[in-house]
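# Summary of structural features
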Amino acid sequence: MRIGFGYDVHRLVENRLLILGGVVVPFEKGLLGHSDADVLLHAVIDALIGAAGLGDIGKHFPPTDDRWKDSSSVDLLARTSALLDEKGLSIGNIDSTIVAQAPKLLGYIPEMVKNIARVLKCDEARVNVKAKTEEGMGFTGSGDGISAYAVALVTGKQG
């Protein structure tokens, strides 16, 4: 067994879609980034890559590489899944938290879980997504950005 931790943060801006867990969430702002800036999937990817001992998301999908410009984080998660497959690793479980003052995300979480499990080819019961606010404090609490945290357990040859 191996455990990995992931974190990501992006600024909220106008004229961008808000995509979290591969789900377009209706909101007046979206996240700014080189790809679609899906902080949840980026945190999950970082946790998985870390658990596999393969560095971090920036090593595999650097924001300086135009191949990843405007890319879907669902596609990046699929590429991460392939990296795990190559190492003979499988998902034990993933626990994640999105930190956002707004919008309310509870109604979108089941689809986020479904997307993550589908791409990683694991049971939905192995994926957990939560959403929290900052009670108005900090950059997420003021509505300037959204962050996400994830922990992943992987098992297999390296475990």
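Residues numbered from 1 in each chain as written. Predicted model: local features only at pLDDT ≥ 70, side-chain atom pairs only at ≥ 80, totals over all residues. Heavy atoms only, no water.

## Points about helix H4 (residues 109-120)
The periodicity of an α-helix, 3.6 residues per turn, causes residues three or four positions apart to be oriented the same way. The criterion, for reference: Helix numbers and strand numbers start at the N terminus; a helix is a DSSP run of H or I with at least 4 residues, a strand a run of E with at least 2. Here a helix's expected span is defined as the number of its residues, less one, multiplied by 1.5 Å. Burial classification: accessible surface area is computed with a 1.4 Å probe over protein chains only, and a residue below 20% of its type maximum counts as buried, one above 50% as exposed, and the rest as partly exposed. Throughout, a contact is declared for two residues whenever any of their heavy atoms are within 4.5 Å.
Compared with an ideal rise of 1.5 Å per residue, which puts 12 residues at 16 Å, H4 spans 17 Å between its outermost C-alpha atoms and is within 8% of the ideal. Here H4 has its buried residues at Ile 109, Met 112, Val 113, Asn 115, Ile 116, Ala 117, Val 119 and Leu 120. Considering only its buried residues, H4 is in contact with strand E2 (19-20), strand E3 (23-24), helix H1 (39-51), helix H3 (73-86), strand E5 (89-99) and strand E6 (127-132). Lys 121 lies just past H4 and shows a positive phi near 55 degrees.

## So, H1
An ideal rise of 1.5 Å per residue puts 18 Å on 13 residues; H1 measures up with 18 Å between its terminal C-alpha atoms. H1 sits mainly inside the fold: 12 of its 13 residues count as buried. For H1, the complete set of buried residues consists of Val 39, Leu 40, Leu 41, His 42, Ala 43, Val 44, Ile 45, Asp 46, Ala 47, Leu 48, Ile 49 and Ala 51. Count one or two residues on from H1 and you reach Gly 53, which has phi positive near 70 degrees.

## Details of the side chain of Asp 8
Basically, it comes down to this: Charge assignment in this entry is limited to Lys and Arg as positive and Asp and Glu as negative, and neither His nor the chain termini are counted. When a carboxyl oxygen of Asp or Glu is within 4 Å of a side-chain nitrogen of Lys or Arg, the pair counts as a salt bridge.
Tracing the sequence through the fold places Asp 8 in strand E1 (residues 2-13). Despite its burial, Asp 8 pairs with no opposite charge, the nearest such side chain being Arg 16 at 10 Å. In this view, Asp 8 contacts Val 39, His 42, Ala 43, Ile 146, Ser 147 and Ala 148; residues no more than four positions away in its chain are not counted.

## Focus on the pattern of salt bridges
The final tally for this structure, using the stated rule, is four salt bridges. Here Asp 70 and Lys 69 are joined by a salt bridge, their closest N and O atoms 4.0 Å apart. We classify Asp 70 as exposed; its relative accessible area is 52%. A salt bridge links Lys 121 to Asp 85; the shortest N-O distance between them is 3.1 Å. Taken as a pair, Lys 121 in the loop between H4 and E6 and Asp 85 in helix H3 lie far apart in primary sequence, 36 residues in all.

## Here's the deal with the side chain of Ser 96
Quick note on the threshold: N or O atoms within 3.5 Å of each other form a polar contact, as long as, within protein, one can give a hydrogen and the other can take it, and as long as residues adjacent in sequence are counted only when both atoms are side-chain atoms.
Residue placement: Ser 96 occurs in strand E5. Accessibility expressed as a relative area gives 1% for Ser 96, which makes it buried. A polar contact of 2.9 Å, which involves the side chain of Ser 96, links it to the backbone oxygen of Asn 128. Apart from the residues within four sequence positions on either side, Ser 96 is in contact with Leu 40, Val 44, Asn 128, Val 129, Lys 130, Tyr 149 and Ala 150.

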